[in-house]
Amino acid sequence: MKVLKSGSKLLFAVILATAVFGCSKVSTPSAYVPTAADATATATLADLQAGRTLFINNCGRCHTLPIPDDYSASQWKSILPGMTSRTSLTTAEVTQLTKYVTRGN
Ligand code: HEC
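The shown structure was predicted, so the numbers you read here are calculated from the model rather than taken from an experiment.

Caption draft 1: Spotlight on the overall build of the protein. Secondary structure assignment for the protein yields four helices and zero strands. Element order for the protein, N to C, with α for helix and β for strand: α-α-α-α. Put simply, the protein has 105 residues, and 18% of those count as buried. Looking at the protein alone, contacts between residues at least 24 apart form 72% of all its contacts between residues at least 6 apart.

This is the structure:
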């Protein structure tokens, strides 16, 4: 009985997680939502918000959407040129996307 009970709890947790983190691209947990506190001297909140949208719309097409905090700012700066060249983003858009994933660094 005990085993069955914890088993159904686990199943419930999985269903809940799927409901919360499932399909919607915009509420994806890997793409943090920038707030005024994330703005820096070089990245305005508007830059970060635009960068997030560009990131979500362009960087989950070939692989799962990466998690910005999984890489340091300097790692991103070496990874991004090879990735953005596979998109049709403009230079200005790449700048915003870079600010977003590096949290303005
Ligand atoms: C046209 C397909 C494609 C698109 C679009 C794309 N990627 Fe990738 N990405 C890949 C492939 C393929 C790899 C595997 C490594 C490689 O081939 O360079 C990869 C690998 C990565 C990695 C892992 C690199 C490492 O060294 O660990 C990151 C991070 C990444 N992509 C981020 C992005 C971001 C951010 C964007 C949006 C600007 C993006 N990708 C858009 C195809 C793509």
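There's plenty left to go through after this.
Caption draft 2: Molecular detail of the environment of T102. Along the chain, the position of T102 falls in the segment after α4 (91–101). On the neighbour-count criterion, T102 (22 C-beta atoms within 10 Å) is buried. Put simply, T102 and D69 are 33 residues apart on the chain and 7.7 Å apart in space, counted from C-alpha to C-alpha. Filtering out sequence-adjacent residues up to four positions away, T102 remains in contact with A73 and W76.

Caption draft 3: Up close: helix α2 (residues 45–58). For α2, with 14 residues, the first-to-last C-alpha span of 20 Å sits near the 20 Å given by 1.5 Å per residue. Residues of α2 that are buried include every one of D47, L48, G51, R52, L54 and F55, and no others. On its buried face, α2 is in contact with α4.

Caption draft 4: Fine view of the packing of α2 against α4. Packing of α2 against α4 brings their axes to within 7 Å, and their N-to-C directions diverge by 100°. In terms of orientation, α2 and α4 fall into the roughly perpendicular class. Seen from α2, the contacting residues are D47, L48, A50, G51, R52, L54 and F55; seen from α4, they are E93, Q96, L97, K99, Y100 and V101.

Caption draft 5: Local environment of the site of the ligand. Around the ligand lies a shell of 13 residues, among which C59, C62, P66, M83 and R86 are the nearest. With four residues, helix α3 (residues 73–84) is the largest single contributor of residues to the shell around the ligand. A class-by-class count of the residues in the shell around the ligand yields six nonpolar, five polar and two charged.

Caption draft 6: How the structure looks around the environment of T87. One can find T87 in the loop between α3 and α4. Distance from T87 to C59, taken between C-alpha atoms, is 8.5 Å for residues 28 residues apart in sequence.

The rules behind these values
Residues numbered from 1 in each chain as written. Predicted model: local features only at pLDDT ≥ 70, side-chain atom pairs only at ≥ 80, totals over all residues. Helix = DSSP H or I, 4+ residues; strand = E, 2+ residues; numbered from the N terminus. Buried ≥ 20, exposed ≤ 12 C-beta atoms within 10 Å, placed from the backbone. Contact = placed C-beta atoms within 7 Å. Expected span 1.5 Å × (residues − 1). Axes fitted to C-alpha atoms, helices over the stretch in contact; angles between N-to-C directions. Parallel < 35°, antiparallel > 145°, perpendicular 65-115°, else oblique. Near = placed C-beta within 6 Å. Nonpolar A, V, L, I, M, F, W, Y, C, P; charged D, E, K, R; others polar.

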